Amino acid sequence: MRAGCDASTAERLCNALKNMPDDFESLADLEGVPFSYLPSEVAGRLSNSDFCLIQRLIKSLVASSHSSSSISAPRQDGGAATSSVQQRSTKTLKEEVKNFLDAEDEFVSALKDGYYAAKSKGPRASALKKYEALAAEKGWTPGADWDVEKIQITAAFLQKSTPQSAATYLSHIKTQMPPLSREAEKEYSRAYASLERSKKAPEQDAPLTYTLLKKLDAAAETLDDLSTMKGLVLAWFLLARPDEIQHLSKTEDKGGATYSWKKSKRDQSSHGMSVKFSCCCDVTVGFKTVSCCPVHVVSVEQLQSLKRVPTDTWRNRFYKLLEKAGIENKVEGRKRALYSLYSARVGGAQAAVISLGHKTTQVLGRWKSDDCALHYENMAVVAPADDVVIKWPLKSDDIKLLSK
Ligand SMILES: [Zn+2]
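The shown structure was predicted, so the numbers you read here are calculated from the model rather than taken from an experiment.

Details of the pairing of strand E3 (residues 273-278)
Line of reasoning, step 1. Note: strand E2 (residues 256-261) against E3, six bridges, orientation antiparallel. The residue bridging Ala-257 from the neighbouring strand is Phe-277, located in E3.
Line of reasoning, step 2. Bridge analysis of E3 against strand E4 (residues 399-401) gives three bridges, and the strand direction is antiparallel. Its bridge partner being in E4, Met-273 is matched across the sheet by Leu-401.

A closer look at helix H11 (residues 210-219)
Line of reasoning, step 1. Among the residues of H11, those classed as buried are Tyr-210, Leu-212, Leu-213, Leu-216, Asp-217 and Ala-219.
Line of reasoning, step 2. Where H11 is buried, its residues meet helix H12 (223-238) and helix H14 (311-324).

As for the pattern of salt bridges
Line of reasoning, step 1. Under the definition given, this model contains 11 salt bridges.
Line of reasoning, step 2. Notably, a salt bridge pairs Asp-224 with Arg-317, separated by 3.2 Å at the nearest N-O pair. Remark: Arg-317 occurs in helix H14 and Asp-224 occurs in helix H12; sequence separation between them is 93 residues.
Line of reasoning, step 3. Ionic pairing is found between Arg-366 and Glu-244, a salt bridge with its closest N-O pair at 3.7 Å. Of the two residues, Arg-366 is situated in the loop between helix H15 (342-364) and helix H16 (370-381) and Glu-244 in the loop between H12 and strand E1 (248-253); the sequence distance between them amounts to 122 residues.

Points about the coordination of the zinc ion
Line of reasoning, step 1. Every protein donor of the zinc ion is accounted for by Cys-279 (SG), Cys-281 (SG), Cys-293 (SG) and His-296 (ND1), and the metal-donor separations fall at 2.0 to 2.3 Å.
Line of reasoning, step 2. Coordination at the zinc ion is tetrahedral, judged from the four donor atoms that bind it and the angles of 105 to 116° they form at the metal.
Line of reasoning, step 3. Here the donor residues of the zinc ion share one chain and are spaced in sequence as C-x1-C-x11-C-x2-H. Remark: Cys-293 occurs in the loop between E3 and helix H13 (300-306) and Cys-281 occurs in the loop between E3 and H13; sequence separation between them is 12 residues.
Line of reasoning, step 4. Residue classification places Cys-281 among the partly exposed positions, given a relative accessible area of 27%.
Line of reasoning, step 5. For Cys-293, a relative accessible area of 0% translates into the label buried.

What about the pairing of E2?
Every regular strand shows the same layout, with side chains that alternate between the two sheet faces.
Line of reasoning, step 1. With five of six residues buried, E2 is to be regarded as a mostly interior element.
Line of reasoning, step 2. Pairing of E1 with E2, which is carried by six bridges, proceeds in the antiparallel orientation. Counted as the bridge partner of Thr-251 is Thr-258 from E2.

As for the sheet that holds E3
As a general point, the strands of a sheet are linked pairwise by backbone hydrogen bonds and lie either parallel or antiparallel.
Line of reasoning, step 1. Strand order in the open sheet made by the four strands is E1-E2-E3-E4, with antiparallel pairing throughout. Two strands lie at the open edges of the sheet, namely E1 and E4, each paired on one side alone. Across the sheet, the axes of successive neighbouring strands diverge by a mean angle of 20°, strand direction being ignored.
Line of reasoning, step 2. In the packing of H15 onto the sheet, the strands contacted are E3 and E4, and the crossing angle to E4 comes to about 55°.

What to know about the nonpolar core
Line of reasoning, step 1. Core analysis: the biggest nonpolar cluster contains 56 residues, and Leu-216, Met-229, Leu-234, Leu-238, Tyr-259, Phe-277 and Trp-392 have the highest contact counts within it.
Line of reasoning, step 2. Sequence-distant contacts of Tyr-259, defined by excluding residues within four places in its chain, comprise Leu-234, Leu-238, Leu-248, Ser-249, Lys-250, Met-273, Ser-274, Val-275, Phe-277, Pro-294, Val-298 and Leu-303.
Line of reasoning, step 3. Residues Leu-134, Leu-158, Ala-166 and Tyr-169 belong to the second largest nonpolar core, which totals 21 residues.

Re the packing of helix H8 (residues 148-161) against helix H9 (residues 166-175)
Line of reasoning, step 1. Running from N to C, H8 and H9 cross one another at 140°; their axes reach a closest spacing of 9 Å. As for the relative orientation of H8 and H9, their crossing is right-handed in sense. Counted together, Thr-154, Ala-155, Leu-158 and Gln-159 of H8 and Ala-166, Tyr-169, Leu-170 and Ile-173 of H9 form the full contact between these two elements.

Brief notes about the packing of H12 against H14
Line of reasoning, step 1. Between H12 and H14, the least distance of the axes is 10 Å, while the angle of their chain directions is 105°. Put simply, H12 runs roughly perpendicular to H14. Contacts from Asp-224, Asp-225, Ser-227, Thr-228, Met-229, Gly-231 and Leu-232 of H12 reach H14 at Trp-314, Arg-317, Phe-318, Leu-321 and Lys-324.
Line of reasoning, step 2. For the contact of H12 with H14, the per-class residue count stands at five nonpolar, three polar and four charged.

Some remarks on the packing of aromatic side chains
Aromatic ring pairs are reported here in terms of the distance separating the ring centres and the angle at which the planes meet.
Line of reasoning, step 1. A full pass over the atoms with the stated rule returns 12 aromatic pairs.
Line of reasoning, step 2. Each ring, one from Tyr-259 and one from Phe-277, has its centre 6.1 Å from the other, and the planes form 70°; the classification is edge-to-face. On the criterion of sequence distance, the pair formed by Tyr-259 in strand E2 and Phe-277 in strand E3 is long-range, its members being 18 residues apart.
Line of reasoning, step 3. Between Phe-318 and Tyr-319 the ring centres are 6.0 Å apart and the planes differ by 35°, which places this aromatic pair in the tilted class.
Line of reasoning, step 4. Take Phe-318: its relative accessible area is 1%, and that puts it in the buried class.
Line of reasoning, step 5. The aromatic ring of Tyr-188 is capped on one face by Lys-174, whose charged end is 4.7 Å from the ring centroid.
Line of reasoning, step 6. It is Arg-366 that lies over the ring of Trp-261; its NZ or CZ is 3.8 Å from the centre.

Rules used in this analysis
Residues numbered from 1 in each chain as written. Predicted model: local features only at pLDDT ≥ 70, side-chain atom pairs only at ≥ 80, totals over all residues. Heavy atoms only, no water. Pairing = 2+ DSSP bridges. Helix = DSSP H or I, 4+ residues; strand = E, 2+ residues; numbered from the N terminus. Buried < 20%, exposed > 50% of the residue type's maximum accessible area, 1.4 Å probe, protein only. Contact = heavy atoms within 4.5 Å. Salt bridge = Lys/Arg side-chain N within 4 Å of Asp/Glu carboxyl O. Donors = N, O, S within 2.8 Å, 3.2 Å for Na, K, Ca; no water. Tetrahedral: all angles 85-135°; square planar, octahedral: opposite > 155°, others 65-115°. Axes fitted to C-alpha atoms, helices over the stretch in contact; angles between N-to-C directions. Core = buried A, V, L, I, M, F, W, Y, C linked by side-chain atoms within 4.5 Å. Left-handed = near helix turned anticlockwise from the far one by under 90°. Parallel < 35°, antiparallel > 145°, perpendicular 65-115°, else oblique. Nonpolar A, V, L, I, M, F, W, Y, C, P; charged D, E, K, R; others polar. Phe/Tyr/Trp six-rings, centres within 6.5 Å; stacked < 30°, edge-to-face > 60°. Lys NZ or Arg CZ within 6 Å of the ring centre and 35° of its normal.

Structure representation (structure tokens):
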């Protein structure tokens, strides 16, 4: 027959064990309680498999426990056993506190790490580093009051060194400061608003316009150029990136062609879609190497081979073609190249919206979430006026969302 330990300890032990593995941590403070101390009435409520699991866990806990011997004496009466368990927890608790205090800073900073979402941790650390560097040069005591002058200097420094993130950085620094005076709080709000206002719009990928497509087509020479043109035109009509067409399939039908996106992780609307295009060869005349028409730009077989082109290859070939057409892709003062594979999606969307309207364009481009819609709006705002307007060769009911 099993000897018992105090019932509430045993309960906690059982509950903790039954909720494995999530509750594993709560076992830690029961470390060293041998299985034989479970009261039989508690043990009796456990299934066989619970039992085996508990037995295995307790054995491993006991093996790793440094002081399990301290409660090894079987109890004769309830009082004695209870007090021996209590003595041990007091001792363990003291040790626990001591161990914690030895590395207090580390644990506190681990806790503080959890205050921020993972994506704001990087900027937060950078902001604090900037502030520390500035404070060191200015001879400010770290953590001392943030007065009006210090706020102005900090904000001005951030505006100069990281204009895009300055407002965010300023707010990160504020979280590390003692409460501000009323005057300083007002200055902080003014500085923050000013930094927000001075933010520049993020660099956009320049749109691939119809006029640009025609220029590229005229400059195309090699077979690689030819397949790049096919990919660009198709991506343009589908408001996609050329390297996205690897997820696309085509069927030809009378007077048109239907392209289908399978449901995929890349598909932001998370369901499949099929789009039926009609021919627009009569409108988009004058292309040399390819038809600027979603129906006739690729055959079903050609699409199969385009789908095997890797992203890097698409990019290299596109950049080469821009060069051949004499289109400048590096602009001074810009960090990114002017055009990217995304340019086909941007340019397509800006051209399509004229005849399709915003709602259908967003469906065709598979923009769904608010974030994406916002991104789409930003793109549309910077739409340059192309001198050629193409009527998009589909009707809104030619787009079918496939079931999940
Ligand atoms: Zn056609």
